[in-house]
Amino acid sequence: MLQLAQMTLHNLLHPDGYNIGINDGAAAGQTVPHVHVHLIPRFNGDCTDPRGGVRWVVPAKADYWSKP
């Protein structure tokens with residue numbers, strides 16, 4: 001299923017790369033006990049520094065737990 005989603009995004013958006021992540025367990029940042037996969041298309045220049053993983057891909061949304 002992940003490969004199908006990635007192929008679909010590739011054909012529609014032509015990204016330069018992807019972030020793929022799963023948060024498994026509280027120590028990994030999981031806040032709701034279920035499984036889902038983050039598939040995030042990335043583009044050269046979409047942020048200043050892409051290092052840091054899935055959570056900080058969209059900095060304004062990274063700290064979702066402390067905002068009302």
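Rules used in this analysis
Residues numbered from 1 in each chain as written. Predicted model: local features only at pLDDT ≥ 70, side-chain atom pairs only at ≥ 80, totals over all residues. Heavy atoms only, no water. Helix = DSSP H or I, 4+ residues; strand = E, 2+ residues; numbered from the N terminus. Buried < 20%, exposed > 50% of the residue type's maximum accessible area, 1.4 Å probe, protein only. Contact = heavy atoms within 4.5 Å. Polar contact = N/O pair within 3.5 Å; in protein donor to acceptor, adjacent residues only side chain to side chain. Salt bridge = Lys/Arg side-chain N within 4 Å of Asp/Glu carboxyl O. Expected span 1.5 Å × (residues − 1).

Visitor: Please clarify how the overall build of the protein should be interpreted in this entry.
Guide: Secondary structure summary: the protein contains two helices and two strands in total. Tracing the protein from N to C terminus, the helices and strands come up as α-β-β-α. Here the protein holds 68 residues, and the buried ones make up 13% of them. For the protein, contacts bridging at least 24 residues in sequence account for 44% of all contacts bridging at least 6.

Visitor: What am I meant to see in the side chain of R42 here?
Guide: Tracing the backbone shows R42 in strand β2 (residues 38–42). Reaching out from R42, the side chain makes a polar contact with the side chain of N19 at a distance of 2.6 Å. Side chain to side chain, R42 and D46 meet in a polar contact 2.8 Å long.

Visitor: I would appreciate a short explanation of the pattern of salt bridges in the present structure.
Guide: For side chains bearing opposite charge, pairing can occur when the charged atoms are close. On inspection of all chains with the given rule, the structure shows one salt bridge. In this structure, D46 engages R42 in a salt bridge whose closest nitrogen and oxygen atoms are separated by 2.8 Å. Accessibility expressed as a relative area gives 39% for D46, which makes it partly exposed. On the basis of relative accessible area, R42 is assigned to the buried category, the value being 9%.

Visitor: Explain unusual backbone geometry here, please?
Guide: Most peptide bonds take the trans form, and the phi angle of most residues other than glycine is negative. Phi is positive for H14, which is not a glycine, with a value near 55°. Along the chain, H14 falls in the loop between α1 (2–13) and β1 (17–21).

Visitor: Got a minute to help me understand α1 in this structure?
Guide: Owing to its 3.6 residues per turn, the α-helix aligns residues three or four sequence positions apart on the same side. For α1, spanning 12 residues, the distance from its first C-alpha to its last is 16 Å, which sits close to the expected 16 Å at 1.5 Å a residue. Backbone geometry just after α1 places H14 at a positive phi near 55°.

Visitor: Any chance you could explain the environment of H10 here in plain terms?
Guide: Assignment of secondary structure puts H10 in helix α1. Beyond its immediate stretch of four places on either side in the chain, H10 contacts P15 and Y18.

Visitor: I keep staring at the side chain of N19 and nothing clicks. Help me out?
Guide: Structurally, N19 is set in strand β1. When its relative accessible area of 16% is taken as the criterion, N19 is described as buried.

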